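Understanding the architecture of this molecule
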Amino acid sequence: MDFDLHMHSNYSNDGEYTPTQLIQMAHAKGIKTVALADHNQMLGIDEMINEGSKYGMQVIPAIECDTKFEGFEVHVLAYGLDYNTEYFKSLNKKISDLIYDSTKTRLELFETYFNIKLDVQRLMDMVGEKGKMIDAILDILNDPRYKDVEAFHPFLPGGEQSDSPTANFYWKYCFKGAPCYVDVAFPSLEDTVKEIHKAGGIAVLAHPWKTFYQREDLLEKAISQGIDGIEAYSNYHNDEQNIYYEAYCDKHHLLMTCGSDFHGATKPKIQLGEYGYKKNNGQAILAAFNAYLK
Ligand SMILES: [Zn+2]
Ligand SMILES: [Zn+2]
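Residues numbered from 1 in each chain as written. Chains lettered and ligands numbered in written order. Predicted model: local features only at pLDDT ≥ 70, side-chain atom pairs only at ≥ 80, totals over all residues.

Within the chain one finds eleven helices and seven strands. Computed over its C-alpha atoms, the radius of gyration of the chain comes to 19 Å, within 12% of the 19 Å expected for a compact globule of 294 residues. Dimensions of the chain, computed from the C-alpha atoms along their principal axes, are close to 55 × 45 × 40 Å. Per-residue burial for the chain yields a buried fraction of 42% across its 294 residues. (Helix = DSSP H or I, 4+ residues; strand = E, 2+ residues; numbered from the N terminus. Rg over C-alpha atoms; globule rule 2.2 N^0.38 Å. Buried ≥ 20, exposed ≤ 12 C-beta atoms within 10 Å, placed from the backbone.)

Laid out in C-alpha cells, this is it:
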C-alpha cells in the first residue's frame, strides 16, 4: 500500500526502530505517506519529518493516546495536531508514571495467579521508567525456573500463541476481565478527544477490535464524545471485523483510516504498509483522510 497511518518508533516502549529507520524502511517499500503514532508522545516527529522530506514523503504528525472509556482501555489516535502544546508535551511523563505503578501491581498479581515467586525489583529495574511490561513478560516466559508452569507453554516457541507471545500473553492475562488485569487511571477518552481538537487534530479510534465489535451502543457513545473516525483496517482485526468497521464508517459517514500498527520485533507478523485493505491501493481512503485533515 502507498500509505500507513499507524506505526511506532523506539520512542514507544514497545517499538524497535528509530524514526529514521522507519522512513528508510517505508521508502524501500514504496510507501509515500506515513504517520508516526507513538504511545502518548511525539518526540520522534521532528526526526520523522526531517528524514521523510529527503524522500519526498508526506509525514503526518500523530500520537496514540491511552485513554479510559466505560472501564475499557481504549487507544485513540490523533492526527495533524500541534505537537508543541503543553498537554501533549507533558502527557508521556504522566502516563509513564501510571504504567510503572501498574506494571508492579501486575507482577505481584502474576505471583499469586501463577503461584510463582518473581524477582519483582529486578524485573522493575529491567523494565525501567517506561515500565515496559512486555520485556518483563518475555523475561518471565524465558526464565528456566518457570519452565514447568503449564500456562506459559502456549507462548513458548512452537506453542499456539507463540506468533506474538508477549502481546498474546498480555491480552490473555492482563486485558480487562482477565485474571491479572490492573485498572489504570488513564485520562478519559472524552477529555483526550477535547485536547486533540484543541490542538487542531482529529481523533480516530484505533483498532477498535474486540472492545467495540458488534457493540454499536459503545461505538455510538464513543463517537458522541467527539471521535472523528475509525481505524477500520488493522492487523488486530480479522477480515470480518475489517469489513464490519468499514461498513460502519460508510453508514455513519465517519472518517475511515487504515494502519499496520507496525512495531518491529514485538509484533513480528506485522509488516509496514500492510493491513488487509486492497481496493485500488486505498487511494480513496487517503484522499478522504487528507481532505479531512485540512
Ligand atoms: Zn494501540
Ligand atoms: Zn499502535
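Once the structure has been displayed, the description carries forward.
In this section: the domain arrangement of the chain. What the domain assignment reports for the chain is domain 1 (3-85 + 187-293) and domain 2 (94-174). The C-alpha-based centres of domain 1 and domain 2 are spaced at 27 Å. Contact residues are listed per partner, giving eight residues for domain 1 and eight residues for domain 2. The class makeup of the residues in the side of domain 1 that touches domain 2 is one nonpolar, three polar and four charged. (Domains from an automatic or database assignment. Contact = placed C-beta atoms within 7 Å. Nonpolar A, V, L, I, M, F, W, Y, C, P; charged D, E, K, R; others polar.)

Neighbouring strands of a sheet are bound in pairs by backbone hydrogen bonds; such pairs are parallel or else antiparallel. Judged by pairing direction, the sheet is mixed, and its seven strands sit side by side in the order β1-β2-β3-β4-β5-β6-β7 without closing on themselves. Strands with a single pairing partner mark the edges of an open sheet, and in this sheet they are β1 (3-7) and β7 (255-259). Across the sheet, the mean angle from the axis of one strand to that of its neighbour is 30°, orientation sign disregarded. Sheet analysis places strand β6 (residues 229-234) next to β7, joined by five bridges and oriented parallel. Looking at β7, one finds that E231 is bridged to T257. (Pairing = 2+ DSSP bridges. Axes fitted to C-alpha atoms, helices over the stretch in contact; angles between N-to-C directions.)

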